[in-house]
Amino acid sequence: MKAFVPALVLSALSFSAWAQDATVSSELIKRGEYLARAGDCVACHTNGKSGKTFAGGLAMETPIGTIYSTNITPDKKTGIGDYSFEDFDNAVRKGVAKNGSTLYPAMPYPSFALVKEDDMRAMYAYFMHGVPPVEQANQDSDIPWPLSMRWPLSIWRGIFAPTPADFVADATADPVIERGRYLVEGLGHCGACHTPRSITMQEKALSNNDGDDYLSGSNAPIDGWVASSLRSDRQDGLGSWSEAELTEFLKTGRNDKSIVFGGMSDVVEHSLQYLSDEDLTAISRYLKSLPPKGGQPQAAPVEDSVAKDLWRGNDSKPGAALYVDNCAACHRTDGVGYKRAFPALKGNPVVQTEDATSLIHIVLTGNTTPAVKGAVSNITMPPFGWRLNDQQVADVVNFIRSSWGNSAKPVSASDVADVRKDRSMIRDEREMGSAAVPDHPDANK
């Protein structure tokens, strides 16, 4: 007990010192917190819902092995508590750790290079004085030697990462669009997921000035999901969405046309719902200013007869009967769903992406939308992977991708099997309550 009392006093004094620091420049700390939200730092630097905030440990799969996010709390032993501003700035905007090693580009420093120094100083104030320190050791990567050597990363960084430079708005452009451009290209690092990458793993474009590959959609699944185009493509982009619809989606994760899923759910839950209406509007206006890839607007889809056939009871089209039995109650036979609850499949850009992984994934594992400000209810789609075999999933996916004016290439049972093999997706099915996966006797007949 005698040993406990001084320890308690020291602990209280330590917390008191931290709390006192947190009151210094409170407006700067508050601004830094907002900017950290805009950068969605918590998503990568927190190990799921059970992990301690900003203490790291989140596993991230890469083509060469698994890496783990680091502790960015102000703990001096295991976090960034002994980082100067220059150390912090080098890590965030240059990708260089305090010890001089190059960070893996899972840290989106090519995008963060655009962040203004004033904003960097606000975030530094927040992480040093607004975040509680957590002592949690960082975990080494599972990347085998010699691929685990860091020095080749410095070469990659020298070739592909831009030199940090404060964002400069175009004085002749709409200031709202320029604010949106700063958030999208910089802190929001939207291109890290929504821009295709080259074989050397760098983004093919870091801004629209680099070409219309920018934000044209990922060319490979990320954690089992395909990030769709954020350009004005009508089929697989935002061409059919208004600025108001896009703003509502960013803020609440749902609108009259669609509902958020996959990795974007975390972005809405941890980041976008906290941004001001002005910043959300700026992001939307900037994205809506981007022309379609190739510069040619696409014609509106031509309605087909599927809805009328299903209304008459004609389910002879391949996959139609499966759709009626499993999907129509929520998404309706006309494919328009129910606004802000069950998304429309008709004209949905995610349905029509070149790579159908996301649609297959969601049919197999289901989805639950996050509860956020302005949309406080969770809405769940159950998993169907336990009751439908690979061919049945392929049939219903192909029906959705080719009905109500949708036009996308078909998928095969082997495509579904490839997605089903992903262990993370099987885990998702279990979390959704399906005890039968992966050993259901009819799962792959």
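Keep in mind it's a predicted model, so treat the numbers as computed, not measured. (Residues numbered from 1 in each chain as written. Predicted model: local features only at pLDDT ≥ 70, side-chain atom pairs only at ≥ 80, totals over all residues. Heavy atoms only, no water.)

What's the story with the UniProt feature "binding site: heme c 1" (unreviewed entry) in the protein in this structure? I'm lost.
The UniProt record marks Cys-41, Cys-44 and His-45 with the feature "binding site: heme c 1" (unreviewed entry), using the residue numbering of this structure. Mapped onto the elements, Cys-44 comes out in helix α3 (residues 41-44). Look at Cys-44 and you get partly exposed, because its relative accessible area is 32%. Sequence-distant contacts of Cys-44, that is, excluding residues within four places in its chain, are made with Leu-58, Met-60 and Ser-69. Considering the arrangement of structural elements, one finds His-45 in the loop between α3 and β1 (59-62). (UniProt positions renumbered as here; feature names shortened; annotations may be inferred. Helix = DSSP H or I, 4+ residues; strand = E, 2+ residues; numbered from the N terminus. Buried < 20%, exposed > 50% of the residue type's maximum accessible area, 1.4 Å probe, protein only. Contact = heavy atoms within 4.5 Å.)

Please clarify how the side chain of Thr-102 should be interpreted in this entry.
Looking at where Thr-102 falls in the secondary structure, it is placed in the loop between α4 (85-94) and α5 (109-112). Here Thr-102 falls in the buried class, since its relative accessible area comes to 2%. Separated by 3.1 Å, the side chains of Thr-102 and Arg-157 make a polar contact. Excluding its chain neighbours within four sequence positions, the residues that come into contact with Thr-102 are Gly-95, Tyr-109, Arg-150, Leu-153, Ser-154 and Arg-157. (Polar contact = N/O pair within 3.5 Å; in protein donor to acceptor, adjacent residues only side chain to side chain.)

I'm lost on the pairing of β1 in this one. Help?
On a regular strand, one side chain projects to one face of the sheet and the next to the other, so that they alternate. In this sheet, strand β2 (residues 65-68) lies alongside β1 in antiparallel orientation, the contact comprising 4 bridges. Paired with Ala-59 across the strands is Tyr-68, a residue of β2. (Pairing = 2+ DSSP bridges.)

Quick question: what am I supposed to make of the layout of surface pockets here?
Over the atoms rolls a probe the size of a water molecule, and in doing so it shows where empty space is left. By volume, the second largest pocket is sized at about 510 Å³. As for the second largest pocket, its lining consists of 30 residues, of which His-331, Pro-343, Leu-345, Ile-362 and Met-381 are closest to the centre. Breaking the lining of the second largest pocket down by element, the ones donating at least two residues are α15 (328-331), α16 (357-365), β4 (380-381) and α17 (390-401). In terms of residues, the lining of the second largest pocket owes the most to one element, α16, which gives 4 residues. Across the lining of the second largest pocket, the residue classes break down as 22 nonpolar, 8 polar and no charged. Three or more residues apiece are contributed to the lining of the second largest pocket by two domains, here domain 2 (175-289) and domain 3 (305-421). (1 Å grid on protein atoms, 1.4 Å probe; cavity = no way out; pocket = protein on both sides within 12 Å on 5 of 7 lines; lining within 4 Å. Points joined across faces, edges and corners; volume = space filled by probe spheres on them. Nonpolar A, V, L, I, M, F, W, Y, C, P; charged D, E, K, R; others polar. Domains from an automatic or database assignment.)

Just to check I follow, could you spell out the nonpolar core for this structure?
Soluble globular proteins tend to bury their nonpolar side chains together. Among the nonpolar cores identified, the biggest contains 56 residues, and Phe-54, Phe-88, Phe-127, Ile-283 and Leu-287 are the most heavily contacted of them. Elements supplying a minimum of two residues to this core: α2 (26-38), α3, α4, α5, α6 (117-129), α8 (175-187), α10 (243-252) and α12 (277-289). With 8 residues, the top contributor of residues to this core is α6. Lining this core are residues from two domains, each supplying at least three of them: domain 1 (26-160) and domain 2 (175-289). Beyond its immediate sequence surroundings of up to four residues, Phe-127 is in contact with Ala-36, Cys-41, Phe-54, Ile-72, Pro-74, Ile-80 and Phe-88. Ranked by size, the runner-up nonpolar core spans 31 residues in total, among them Trp-225, Leu-322, Leu-359 and Val-411. (Core = buried A, V, L, I, M, F, W, Y, C linked by side-chain atoms within 4.5 Å.)

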